Amino acid sequence: MWLWLVLFSSRVESLVLNVEPQTIEPGITDRLLINCTLPGNQSSEMVFLNSIFLTRRSDNVSENFLDLASININSKEIIIHNSSAVDDAVARGEINARGDSYLSLLWIYPIQQMAGEYRCDAHGVSPTWKPLTISSTKMLIEKNLKLYSLIDRFRQIEINMAKLKNENINLRNDLNKSEMATANLYTRIENSRQWFFKVSSIYKGRRYYMSQQDPNSESEQAMAICVFFGGYLVEIDDTDEHAFIVAFIRQMAGFNLVLTGGTKQGHKDIWLYRQSNTKVPDWLMQLRKCANCNTLYLYDKINWYALDTFDYHTHPPYEPARFLCEIPL
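Let me sum up the structure you'll find in this document. Per chain, the residues get numbers from 1 upward, laid out in the order the sequence is written. Local features in a predicted model are, by the rule used here, given only for residues with pLDDT of at least 70; side-chain atom pairs are given and counted only at 80 or more, and totals for whole chains, interfaces and linings are based on all residues. Side-chain measures here rest on the full set of heavy atoms in the structure, leaving out hydrogens and waters.

Comments concerning the state of the cysteines
Criterion for a disulfide: a pair of cysteine sulfur atoms at a distance within 2.5 Å. Scanning all chains against the criterion turns up three disulfides. Disulfide pairing places C226 opposite C325 at an S-S distance of 1.9 Å. Taking the torsion about the S-S bond as the criterion, the C226 to C325 disulfide, at about -80°, is left-handed. On the criterion of sequence distance, the pair formed by C226 in helix α3 (residues 219-228) and C325 in strand β21 (residues 321-328) is long-range, its members being 99 residues apart. When sorted by exposure, C226 lands in the same class as C325, which is buried. Disulfide partner of C290: C293, at an S-S distance of 1.5 Å. Given an S-S torsion of about -100°, the disulfide between C290 and C293 has left-handed geometry. Note on C290: relative accessible area 23%, which makes it partly exposed. Overall, C293 belongs to the buried group, its relative accessible area being 0%. Note on conventions: DSSP H or I runs of at least 4 residues are helices, E runs of at least 2 residues are strands, and numbering of each starts at the N terminus. Buried, partly exposed and exposed residues are distinguished by accessible area as a fraction of the type maximum, computed with a 1.4 Å probe on protein chains only: under 20%, between the cut-offs, and over 50%, respectively.

See the structure below:
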């Protein structure tokens, strides 16, 4: 008992029952909310709350209230007492030892039978440990459906539909502009690609793009360009792929070095590919192991096998360089 007194000494004297709206027109009113709340303010009237009940009677003359729903401290789940009377309602509720307790029912497009007197009963214990019930009632009035109400509602629907139509037109115009801008950007990218790259034929579901820019290359910048066009710096996995790439390179001239995705930056003496983070095959590399040589270039003077060299090349004084992108299809 003393535990109850400590936990529930913050109950309130007044029980709040809200009916929104207080007048319904069946077929016109789009929602009805019945909400009963026992606030968790300081009070001396009720020290322990056991349950909350929502009931209804069709008029204020009859003494018989119909149980609709309840929640109690034991189950903490909402109990529906009359499913036909609470049909399609959304029920929510909670009994809270340190805050507000409530029970609510929400109907969408309430019907005529929902009009009447609603009552909320909070059952608990008084400070003298006697049973205590606090009640609150509210009337929900049905308003006869009239022709002007329907006309007003249809007029409002027409206004809303016109607004939605205008919004859809504006959205469609914005979408068309976005599609045109996207198509224009794609065309510009496609047009720029022929100036940036020489493109290989398809090899096992991918193509290779050889840069045509001025003979300078920086690995981070080159990787960013490859990513922009949907790929990454080339990663050679086997001898067949190497042979295909060498044949493609020999179709061009004017450079001696081709930047690949191989690097040992950040992982000393271990050569990995930037994109896949897999190990570069040993057979591909002819390493000089020079200081600050953290990048792999294919080099024409060793039959386009990979040579370790500096991350950044500019001609002159270094030999002309290009970079090679691998673009999956």
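After that view of the structure, there is still more to cover.
A word on the environment of V125
Topologically, V125 is positioned in strand β9 (residues 116-125). Note: C-alpha distance between V125 and L49 (76 residues apart in sequence) is 6.6 Å. Contact between two residues is taken to exist if any of their heavy atoms lie within 4.5 Å; hydrogens are not considered. If sequence neighbours within four positions are ignored, V125 has contacts with E45, M46, V47, F48, K130 and L132.

A closer look at helix α4 (residues 239-249)
Inspection of α4 places E241, H242, I245, V246, F248 and I249 among the buried residues, and these make up the whole buried set. Seen end-on, α4 carries its buried residues on one side only, within an arc spanning 160°. Exposed residues pointing more than 90 degrees away from the buried face of α4 are listed as T239 and D240. Looking at the buried positions of α4, the neighbouring elements they touch are β11 (197-199), β12 (206-211), β15 (257-263), β18 (295-299), β19 (305-309) and β21. Think of a polar contact as two N or O atoms within 3.5 Å of one another; within protein, one of them needs to be a possible hydrogen donor and the other a possible acceptor, and neighboring residues in sequence only count if both atoms come from side chains. By the N-cap criterion, in which a side-chain oxygen at the helix start approaches the backbone nitrogen of a residue two or three places on, α4 is capped by D238, the distance to D240 being 3.2 Å. The arc under discussion is defined with respect to the helix axis, by the directions toward the C-beta atoms.

Quick look at unusual backbone geometry
In this chain, E20 is followed by P21 through a cis amide linkage whose omega measures -5°. Inspection of the secondary structure assignment puts P21 in the loop between β1 (16-20) and β2 (23-24). In this structure, Y109 takes a positive phi of about 50° despite not being glycine. Of the residues examined, Y109 reaches a relative accessible area of 43% and is grouped as partly exposed.

Quick word on the pairing of β15
Buried residues dominate β15, accounting for seven of its seven residues. A pair of strands is considered paired only if DSSP assigns at least 2 bridges between the two. Of the pairings in the sheet, the one linking β15 to β18 comprises four bridges and is antiparallel in character. Bridging from a neighbouring strand, L259 pairs with Y297 of β18. For β15 and β21, the ladder comprises three bridges, and the chain directions are parallel. Its bridge partner lying in β21, L257 is registered against A321. Alignment of β15 against strand β16 (residues 272-273), held across two bridges, turns out to be antiparallel. Across the sheet, the residue bridging to T263 is L272, located in β16.

Observations regarding the pairing of β12
Burial within β12 is extensive, with five of its six residues counted as buried. Linking two consecutive strands that pair antiparallel, namely β11 and β12, is a turn of six residues; a positive phi of about 50° is found at K204 within it. Alignment of β12 against β21, held across five bridges, turns out to be antiparallel. Bridging across to β21, Y209 finds its partner in C325.

Some points on the sheet that holds strand β8 (residues 101-108)
Within the open sheet, the four strands sit side by side as β1-β3-β8-β7. Their pairing is antiparallel. A single partner strand is all that each edge strand has here, and the edge strands are β1 and β7 (90-94). Across the sheet, the mean angle from the axis of one strand to that of its neighbour is 5°, orientation sign disregarded. Bridge analysis of β7 against β8 gives five bridges, and the strand direction is antiparallel. Each residue of the ladder has a partner; that of R92, found in β8, is S104. All axes are obtained by fitting lines to C-alpha atoms, using only the stretch in contact for helices, and the reported angles, taken between N-to-C directions, cover 0 to 180 degrees.

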